[in-house]
Amino acid sequence: MTDRIAKLELNGESYEFPVLSGTVGPDVIDIRTLYAKTGHFTFDPGYTSTGSTESGITYIDGNQGTLLYRGYPIEQLAEKSSFLEVSYLLLNGELPSKAEFAEFEEKITRHTMLHEQMVKFFEGFRRDAHPMAIICGAVGAMSAFYHDSTDITDPNQRVIASHRLIAKMPTIAAWAYKYSVGQPFVYPRNDLGFAANFLRMCFAVPAEEYVVSPTMARAMDRIFTLHADHEQNASTSTVRLAGSSHANPFACIASGVASLWGPAHGGANEACLNMLREIGSVDRIPEFIARAKDKNDPFRLMGFGHRVYKNFDPRAKVMQQTAHEVLSELGVENNPTLQVAQELERIALEDEYFIEKKLYPNVDFYSGIILDAIGFPTSMFTAIFALARTVGWISQWKEMIDDPKQKIGRPRQLYTGATSRDYTDISER
């Protein structure tokens, strides 16, 4: 794996560290023996230059605009595959045969119901609770209801926990939404596909029949697929760090939900939609474009560019097509927010300023538009993100548990606090 050495000169001494190469991507310097050899740690806030694990699940090349799941380009999977097939791929490393997929789909379908006592758990929340607060609590509480799949040393229990989390997360997310709007819970149906089932649980009511639009179901399935995994981001790293202590899988995924909830991570599409509403109408777009180009103006166009992708976000290409399909079927061309979005998209793809700086519309720009058009409030955007990312978290957790080299996470620090001080009794202060 390596035949090269990196040398470090420190205090007149020379130290050598192996350079490791993956199948693709930047090489890494193996510094696992750095402290033992030199008595020093590295300092890397945010771990932006540190590889914390070895993984074969997802690869990103931001400069080339590449995203691969197990080696397959995301564009191919989103266009030709389904979320459940991609879930099988992420979990197992290979695309399933027809028989393998049928068995996997059956298992997921049979696990979609929640323990009936969890209804009372939901009722313990305030009606105005954010859906992510409910999801975080409900996922963590699953360890109290499903004791037969919390032993991480048992491979069979790990598989069962994985299936349960993938299957039950749509029910949890849909019920969190239903609870927030004061409507009765809708139970899953085994004759519907994964995305269609989720839409029905969100929007059906007992008073009338609800028919799922194939276009809407396909759009949701693509959103799930495009958000299924994204390498070692904040929430995925949180799941791995929690899992490194051998916490049960439900607790680990709950920690991922909590991390994703942060607006710097999972709330980008919500921020994008809020920006579109702030602009308000097409005739105000030039004003905001000018502000975005003004270096002295703090205003930023949300949903354009990406801190990882320095080219066109590969997921955005699929979402762009999907957004137009959804808007066309719903006939919402007169919606001011969507009109602003479409005009901004046109400008961004033609304006030299945006092209030069590679500020293309990203996946958050389009997914926010789609979810809003379907009827989801912005409070559900991150919840849907969590639903999709659950399979990525589980796959990363499963890979970590199976890795004999993995150790409990223990980041180091550069201490800048007070040195040793003598205690003074409170009566003398």
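Computed from a predicted model, the values in this text were never measured in an experiment.

The rules behind each value
Residues numbered from 1 in each chain as written. Predicted model: local features only at pLDDT ≥ 70, side-chain atom pairs only at ≥ 80, totals over all residues. Heavy atoms only, no water. Pairing = 2+ DSSP bridges. Helix = DSSP H or I, 4+ residues; strand = E, 2+ residues; numbered from the N terminus. Buried < 20%, exposed > 50% of the residue type's maximum accessible area, 1.4 Å probe, protein only. Contact = heavy atoms within 4.5 Å.

Caption draft 1: Broad picture of the sheet that holds strand β2 (residues 13–20). Judged by pairing direction, the sheet is antiparallel, and its 3 strands sit side by side in the order β1-β2-β3 without closing on themselves. Two strands lie at the open edges of the sheet, namely β1 (4–10) and β3 (28–29), each paired on one side alone. Bridge count between β2 and β3: 2 bridges; the pairing is antiparallel. Across the sheet, Leu-20 pairs through a bridge with Val-28, a residue of β3.

Caption draft 2: Just the side chain of Thr-38, in detail. Checked against the element boundaries, Thr-38 lands in helix α1 (residues 34–38). Under the relative-accessibility criterion, Thr-38 is labelled buried at 13%. Sequence-distant contacts of Thr-38, defined by excluding residues within four places in its chain, comprise Leu-8, Leu-10, Tyr-15 and Phe-17.

Caption draft 3: Layout of the sheet that holds strand β4 (residues 58–61). The 3 strands lie next to each other as β4-β5-β6, forming an open sheet whose pairing is antiparallel. Only two strands of the sheet have a single neighbouring strand rather than two, namely β4 and β6 (72–73). Both β4 and strand β5 (residues 66–69) contribute to a ladder of 4 bridges, which runs antiparallel. When the sheet's bridge partners are listed, Ile-60 is paired in β5 with Leu-67.

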